Amino acid sequence: MRLDIVTIFPEYLEPLNVSLVGKARARGQLDVRVHDLRRWTYDRHHTVDDTPYGGGPGMVMKTEPWGEALDTALADGYEAGAGGPGGPALVVPTPSGRPFTQELAVELSQRPWLLFAPARYEGIDRRVVDEYATRMPVYEVSIGDYVLAGGEAAVLVITEAVARLLPGVLGNAESHRDDSFAPGAMADLLEGPVYTKPPVWRGREIPDVLVSGHHGRIARWRRDEAFRRTSAHRPDLIERCDPAALDKKDREMLSILGWRQGPDGRFWRDADAVEQ
Ligand code: SAM
């Protein structure tokens, strides 16, 4: 997979040389190219921003440097034949974007080439997104309901979530199977607690079931713990879950956790229901 990142802070992307993403780059699984937006400015101060039309506080990133930067990044790939039918997609981090979820990470991981446009100030002149949307899919993505000073941290988040889904990037391909939000049996549930050696630490023991060697019971315990944690931290996921995907034991666990099933099959809980 190829990743192009255009930024005014190339050094902010240094973590892409480390750990899982860094190793994937070294192995040639990820081709990461970081571009300094100021390369496409021609005044003494390398200006990339200007005052907003209509007035108001803050500055807006200018169209021209972004247009030239994105065109240059794209031209390079097309010449090398890296475009093709599954060509590039533009990813624009913005708090007003579509929430970044595991589902979106999976979707992005299936594309061969992502071009990131992390902004600073009040964002990029809208015409840039509108222009590239005529040439490629554009994903405007928010990593959460808060406002960062710039989009580079969002690029790091998205890149790491996407990279670990690429074939051969994780040492153990099974590793993301049971992740929170992973598609499949545990979908819509958060992963429960995990333990490793020693069996006793500061008087704290691990749950007996984990050393029982009984795979069925271990799987059930993991699922119950997933319900417990989801119920405590993300009750909205329980409310949205598909009742048809639950078995009798799942329902018993939800009942213990104070959930009731409405006539439409959906789960609900009294606000004062006590967590067990
Ligand atoms: N005025 C903008 C708004 O309210 O939508 C906020 C601009 S913010 C100060 C500057 C840049 O940081 C954004 O253009 C975006 O690239 C990035 N950013 C900030 N918060 C983000 C979030 N939650 N998710 C993704 N990117 C974010």
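This text goes with the structure placed above it.
Here we summarise the structure given alongside this text. All figures in this text were calculated on a predicted structure; none of them were measured in a lab. (Residues numbered from 1 in each chain as written. Predicted model: local features only at pLDDT ≥ 70, side-chain atom pairs only at ≥ 80, totals over all residues. Heavy atoms only, no water.)

### Some thoughts on the site of the ligand
P93, E122, G144, Y146 and L148 are the nearest of the 18 residues found near the ligand. A distance of 2.8 Å is found between a nitrogen atom of the ligand and a backbone nitrogen or oxygen belonging to Y146. Between a nitrogen atom of the ligand and a main-chain N or O atom of L148, the distance comes to 2.9 Å. Of all the secondary-structure elements, those providing two or more residues to the shell around the ligand are β5 (88-99) and β7 (138-142). In terms of residue count, the dominant contributor to the shell around the ligand is β5 (three residues). Of the residues that constitute the shell around the ligand, the class distribution is 11 nonpolar, six polar and one charged. (Near = heavy atom within 4 Å. Polar contact = N/O pair within 3.5 Å; in protein donor to acceptor, adjacent residues only side chain to side chain. Helix = DSSP H or I, 4+ residues; strand = E, 2+ residues; numbered from the N terminus. Nonpolar A, V, L, I, M, F, W, Y, C, P; charged D, E, K, R; others polar.)

### Digging into the pairing of strand β6 (residues 113-116)
Of the two faces of β6, the one lined by W113 and L115 and the one lined by L114 and F116 are each fully buried. Looking at chain direction, strand β1 (residues 2-7) and β6 are connected through four bridges and run parallel. Of the residues in β6, the one forming a bridge with R2 is W113. Sheet analysis places β5 next to β6, joined by four bridges and oriented parallel. From the neighbouring strand, P88 faces β6, where its bridge partner is W113. On the question of chirality, the crossover connecting β5 to the parallel β6 by way of helix α3 (residues 102-109) is right-handed. (Buried < 20%, exposed > 50% of the residue type's maximum accessible area, 1.4 Å probe, protein only. Pairing = 2+ DSSP bridges. Right-handed = clockwise from strand over helix to strand, strands pointing away.)

### Section: unusual backbone geometry
What is expected of a backbone is that most residues other than glycine have negative phi and most peptide bonds are trans. With omega at 5 degrees, the peptide bond leading from K197 into P198 counts as cis. Tracing the sequence through the fold places P198 in the loop between α5 (152-163) and β8 (200-201). Even without being glycine, S19 reaches a positive phi, approximately 60 degrees. Tracing the chain through its elements places S19 in helix α1 (residues 19-26). At H46, a residue that is not glycine, the phi angle is positive and equals roughly 50 degrees. Counting through the fold element by element, H46 comes out in the loop between β2 (31-36) and β3 (49-50). Judged by relative accessible area, H46 falls into the partly exposed class, the value being 37%.

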